[in-house]
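Here's the letter readout for the chains.
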Amino acid sequence: MRPWGSSHTPRDRLCAPSTADGESSVTVDKVTDADIPTVRVLDADGRFAPNPAAEEYLPLIEALPDGELEQLYRDMVAIRAIDTQATNLQRQGQLALWPPSRGQEAAQVGSARAARPQDTIFPSYREHAVTRIRGVDPVDIIKLMRGTSNGGWDPTDPRNGNTRIYTLVLGSQTLHATGLAMGLVFDGKCGSGDVDRDQAVMVYYGDGASSQGDVHEAMVFAASYQTPEVFFLQNNHWAISVPVSTQSRVPLVQRGTGYGIESIRVDGNDVLASWAVTRRALDEARTGRGPRAIEAVTYRMGAHTTSDDPTKYRGSDEEREWALRDPIARMRAYLEHRGAAGSFFADVESEAADAAEDLRVRTLELGSPTAEAIFDNVYSDPHPLMAEQKAWQAQYEASFQEGDR
Amino acid sequence: MTTVDTTTENRIETMPFSKALNAGLRKAMEDDPRVLLMGEDIGALGGVFRVTEHLQRDFGPQRVLDTPLAESGIVGTAIGLAMGGFRPVIEIQFDGFVFPAFDQITTQLAKITARHEGRVSMPIVIRIPYGGHIGAVEHHQESPETYFAHTPGLRVVSPSTPNDAYWMIQEAIASNDPVIFLEPKSRYWPKGEVDLAAPALPLHASRVVRRGSDVTLVGHGAMVSTLLQAAALAEAEGTSCEVVDLRSLSPVDYGPILDSVRSTGRMVYAQEAPGFVSLGSEIAATVMERAFYALEAPVLRVSAYDTPFPPAKLESTYLPDPDRILEAVDRSLAY
């Protein structure tokens, strides 16, 4: 196996010329960790081998109890099983769409477990691990993808851990997160220095979304109002079919710096590094040190969504290469090195299989919304046109029943 | 026995529309500490039309925010603030500058309550100075109301008098839904009486502003004063026009319009916006659906031409004036 530190990172492709047939070319301009520090704790074989950029995070990681380390692994395995189940459900015609999270488990689990209960999370639309960790029932995501709801869950319900609903218009949620974080500043809900009380906001987006103007404006506002906020960018290398090199000619981590936002790049397939970097960034942000940006370098191992066909735009070599950096295998190896029992892994697999089966059962049990749902919540206050059209629709439906008699 | 509050009995003051808005904003901010203002140059400067003058001085920079110069950013962060329990009131500097925020308004703001099945409200007001007659450069005289009226989830209103400006801004801020608040900028300076004691009408009511018997004239915003001028000229020629101020563009209060049309049998709608797929189109269609047998003539529309707003030296040719309205009145009467 190629040593992790010199294998190709997103920067590798940035200067790579496209081949004549449009196939993505491989590494040309290798950039090492010395050029762009990337926090990494576990090597590709799962050995505890922190690189220099990771050193400052070691006290945080070393303080993690065994139970929490195991939980990180448990979360990743569970969400992969759930994600695989949902992908299958879509293939079987049960969902309109599913955006697989396969390959991004470490970035998502590490960052989500780093957030504190009082934090608010703004996902994009692939953060299945993040939402589940915060308390959202995966079947609520299914509701959106199956067409029984346009939202899925109630972010104001404490069971959902202050997790806002998915956003499909890319980058929009970065502004909502920044606005909410501005409100925390105005309300004095951050900046006291007490990490258990100060609130923070974390917003997820991707390398494709990073090109959206809203992300730019969100960073401008965040820097201007010094929001208690972490921008968590999962660079999974592909915006459907377009490589990250089309989105940016500099490493995306440098974007944040340009706004005056302290920015950190992390190996997004290393769950420990992802956890530590996010934990520190959130705590710095919440205690009044301003917004932070994280670029988690990861890889979308599956399709963009179930409507996508990656074989049309990327090579199998690349996919094989990234498969060797599977975040779950790495953490498993690490736990094995630490002496985790075989029964632990068997239990985790079994729990994950149960969760996936449970999701299938409950997906198939989901009913359809009734027609009133079209009209009832378009406005919060009474609205004459909604009342009129709802009444008309009801009498129209009723007219068929009368005809049957 | 009804108690009369004598302290509010004689609280009628004469002021320009812009000052009435300022007073209404001030009142709303005093009444509810969660109301905050956001916009470009609305702080020390008081906005390019001075509508927010002295409000930052009196309420502080965390309640009157001079934001970065980015309209999508303003609306997008206002959404986040509303999620946090604030009631943001946004000033878009000019009509033509609302479009960078169009995505956040239409794909996000308008749909958030529905997407949350009613569990999240979006009490955000977006104030937009709009319309022509001020001789300004391009992108500063437009009438974008149709885009917003067409978008489910938004409410759209436009006051035409200082009294309505004072009350409707407060009612819009009190609304739990997003309100696009269109301020006819050619009406910012004329003065009118404001009754500080009580509002005359709810936010979404239309209103007969002149009684007449031959033709019903309907319009919104600055066009209401043009319709009143036309009605005065018509009267001199022996034609009695009733004038209805739409006030609310979404939802539309059809009651007073239909009552009037059933009485006159004729209707002309006038607007500064291009006529193709416009408020006037929608209202004409609805009046024909609901008052068909009362009509003596087709409902006619007088609109701006279906072109971009021309250079300002041509605005009096482009925008409907009393003569063009009277031409339509004559055509209606000829049926």
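Residues numbered from 1 in each chain as written. Chains lettered and ligands numbered in written order. Predicted model: local features only at pLDDT ≥ 70, side-chain atom pairs only at ≥ 80, totals over all residues.

**With respect to unusual backbone geometry**
Move 1: Cis geometry marks the peptide bond from Ser 250 of chain B to Pro 251 of chain B, where omega comes out at 0 degrees.
Move 2: Structurally, the position occupied by Pro 251 of chain B is in the loop between strand E12 (248-250) and helix H9 (255-264).
Move 3: You will see that Gln 226 of chain A, though not glycine, has its phi angle at about 50 degrees, which is positive.
Move 4: Tracing the sequence through the fold places Gln 226 of chain A in the loop between helix H8 (213-225) and strand E3 (229-235).
Move 5: With 19 C-beta atoms counted inside 10 Å, the residue Gln 226 of chain A sits in the partly exposed group.
Move 6: One non-glycine residue, Arg 247 of chain B, adopts positive backbone phi at about 60 degrees. (Helix = DSSP H or I, 4+ residues; strand = E, 2+ residues; numbered from the N terminus. Buried ≥ 20, exposed ≤ 12 C-beta atoms within 10 Å, placed from the backbone.)

**Overview of the domain arrangement of chain B**
Residues and elements named next belong to chain B.
Move 1: Parsing chain B into structural domains produces domain 1 (14-195) and domain 2 (207-334).
Move 2: Taking only C-alpha atoms into account, the centre of domain 1 sits 26 Å from that of domain 2.
Move 3: With 25 residues of domain 1 at the contact, the number on the domain 2 side is 19 residues.
Move 4: Elements supplying a minimum of two residues to the side of domain 1 that touches domain 2: helix H6 (145-149), strand E6 (155-157) and strand E7 (179-184).
Move 5: Grouping the amino acids of the side of domain 1 that touches domain 2 by side-chain chemistry returns nine nonpolar, 10 polar and six charged. (Domains from an automatic or database assignment. Contact = placed C-beta atoms within 7 Å. Nonpolar A, V, L, I, M, F, W, Y, C, P; charged D, E, K, R; others polar.)

**Concerning the sheet that holds strand E10 (residues 215-219) of chain B**
Note: strands within a sheet are paired through backbone hydrogen bonds, in either parallel or antiparallel orientation.
Residues and elements named next belong to chain B.
Move 1: If you walk across this open sheet you meet the five strands as E9-E11-E10-E13-E14, and the pairing is mixed. Only two strands of the sheet have a single partner each, and these edge strands are strand E9 (207-210) and strand E14 (300-304). Shown here is a sheet whose adjacent strand axes are inclined to one another by a mean of 25 degrees, direction ignored.
Move 2: Taken together, the five bridges between E10 and strand E11 (residues 241-245) define a ladder with parallel strand orientation. (Pairing = 2+ DSSP bridges. Axes fitted to C-alpha atoms, helices over the stretch in contact; angles between N-to-C directions.)

**Here's the deal with the packing of helix H8 (residues 223-236) of chain B against helix H12 (residues 322-334) of chain B**
Residue and element names in this part refer to chain B.
Move 1: Where H8 meets H12, the axes come as close as 9 Å, and the angle between the chain directions of the two elements is 60 degrees. Judged on the interaxial angle alone, H12 and H8 are oblique. Seen from above, H8 lies across H12 with right-handed handedness. Touching Thr 226, Leu 227, Gln 229, Ala 230, Leu 233 and Ala 234 of H8 are Pro 322, Ile 325, Leu 326 and Val 329, all from H12.
Move 2: Its residues assigned to classes, the contact of H8 with H12 comprises eight nonpolar, two polar and no charged. (Parallel < 35°, antiparallel > 145°, perpendicular 65-115°, else oblique. Left-handed = near helix turned anticlockwise from the far one by under 90°.)

**A look at the interface of chain B and chain A**
Reports often express the size of an interface as the amount of accessible area lost when the parts come together.
Move 1: Facing 33 residues of chain B, the contacting portion of chain A comprises 32 residues.
Move 2: Counting only elements with at least two residues in the side of chain B that touches chain A, the list comes to helix H3 (71-83), helix H4 (102-108) and helix H5 (112-115) of chain B.
Move 3: The greatest single-element share of the side of chain B that touches chain A, amounting to nine residues, is contributed by H3 of chain B.
Move 4: Its residues assigned to classes, the side of chain B that touches chain A comprises 11 nonpolar, 17 polar and five charged.

**Notes on the domain arrangement of chain A**
Move 1: As assigned here, chain A comprises domain 1 (7-365) and domain 2 (372-404).
Move 2: Averaged C-alpha coordinates put domain 1 of chain A and domain 2 of chain A at centres separated by 42 Å.

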